[in-house]
Amino acid sequence: MAPSAQSLPISVSDEKYANVKWEELGFGFYRTDSMYVAKCKHGESFQEGKIVPYADFQISPCSAVLNYGQGLYEGLKAYRTEDGRIMLFRPDQNALRLQSGAHRLCMSYPSVDQFVSAVKQVVLANKKWIPPPGKGTLYIRPILFGSGPILGSFPVPEYTFTVFACPVGRYHKDKAGLNLKIEDKFRRAFPSGTGGVKSITNYSPVWITLAEAKAQGFSDVLFLDAATGKNVEELFASNVFIVKGNVVSTPEISGTILPGVTRKSIIELTRDFGYKVEERVVPVEDLLDAEEVFCSGTAAIVTTIASVTFKDKKTGFKTGDETLAAKLFATLTDIQMGRVEDKKGWTVEIDQCHKG
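- The protein is annotated in an unreviewed UniProt entry as Branched-chain-amino-acid transaminase from Brassica carinata.
- Quoted straight from UniProt, the Sequence similarities (unreviewed entry) entry for the protein says "Belongs to the class-IV pyridoxal-phosphate-dependent aminotransferase family."

## Remarks on the overall build of the protein
Point 1. From N to C terminus, the protein includes 7 helices and 17 strands.
Point 2. Taking 21 Å as the expected radius of gyration for a compact globule of 356 residues, we find that the protein reaches 20 Å, a close match to that expectation.
Point 3. Counting only C-alpha atoms and orienting by the principal axes, one finds that the protein spans roughly 55 × 50 × 40 Å.
Point 4. Across the 356 residues in the protein, those meeting the buried criterion constitute 53%.
Point 5. A total accessible area of about 16,000 Å² is found for the protein, and carbon and sulfur atoms account for 51% of it.

## Observations regarding the UniProt feature "modified residue: N6-(pyridoxal phosphate)lysine" (unreviewed entry) in the protein
Point 1. When the UniProt feature table is mapped to this numbering, "modified residue: N6-(pyridoxal phosphate)lysine" (unreviewed entry) covers Lys198.
Point 2. Secondary-structure assignment places Lys198 in the loop between β8 (178-183) and α4 (207-215).
Point 3. Since its relative accessible area comes to 12%, Lys198 is described here as buried.
Point 4. Discounting residues that sit within four places of it in the chain, Lys198 has contacts with Gly71, Leu72, Tyr73, Glu74, Gly75, Arg97, Tyr203 and Leu258.

## Considerations on the environment of Ala78
Point 1. In this structure, Ala78 sits in strand β4 (residues 76-80).
Point 2. In this structure, the C-alpha to C-alpha distance between Ala78 and Val112, residues 34 residues apart in sequence, is 17 Å.
Point 3. Among residues more than four places away in sequence, those in contact with Ala78 are Ile86, Met87, Leu88, Val123, Ile130, Thr137, Leu138 and Ile140.

The rules behind each value
Residues numbered from 1 in each chain as written. Predicted model: local features only at pLDDT ≥ 70, side-chain atom pairs only at ≥ 80, totals over all residues. Heavy atoms only, no water. UniProt positions renumbered as here; feature names shortened; annotations may be inferred. Helix = DSSP H or I, 4+ residues; strand = E, 2+ residues; numbered from the N terminus. Rg over C-alpha atoms; globule rule 2.2 N^0.38 Å. Buried < 20%, exposed > 50% of the residue type's maximum accessible area, 1.4 Å probe, protein only. Areas by Shrake-Rupley, 256 points an atom, 1.4 Å probe, with all protein chains shown as cover. Contact = heavy atoms within 4.5 Å.

What follows is the structure, encoded as structure tokens:
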């Protein structure tokens, strides 16, 4: 089930770091040293798992994840600070979101403490892969899935919780801002479906739209709601915000939009800056009439959207260092990287002697 490894660019490095040309680091999978694995039988609770060498899984062809798509994933990052600390950003929120998704997909799940402990163990086991400050981050991917065999019956006999990590650079490298296509044919999520949880089934069905958009020169796709096709929801893997005057609006969490951890943080910071934030239905017309548009996510952080194209008409927005997006990016990354005092209590420093 593991993706194919890519070769890391090689450079001269000291013992503190893996042998990597950090300046050339993109956002993609690179094989690191270790991962975490825990298993749970139906009707039981997850117990402490263990760190093992990174390797492919052996899994039943009849497993629930392969046959019925019973699986969730999370995404968060570890940051290396200038003074040598290693930080996580709000990992408890990822744990709670995983639990919410597990409930929706009828899976057992680890406790918040187990989740956070597993993440810390993986970070420390792959410590040398955490990029130097300002060169990238260690992306952490927890996955929960039905690993036991099932065919037409329920419940699933076994669940697996695993965590791996790999170093990454910026997800969107175009500093001029993203050029989006508003998708008016395919829908990402549906009312009463799984759009509001991080189900593995949410993503590959819309790869076709993303591939088509990229082939046409667009950076990403912005999806509309399934009920009316008139309201914006989110990008392929990030939430969207629009700015008009002193009001910042973002689509409300209604079951079809993922409740992003970065989204939640951005809303709080934006209010701290004195803006009014509205979580509401956002018609396409409001987006096109906005002065500024940006997106947020663990991978995207905060990224300016320079333009959107809807039905072959392109609309541009404010970009540059004076945007709200630029201010939010600087503020958020300063907190995440430990460059300023974290008055929110969002960051978690990892004890580098942590064992579990």
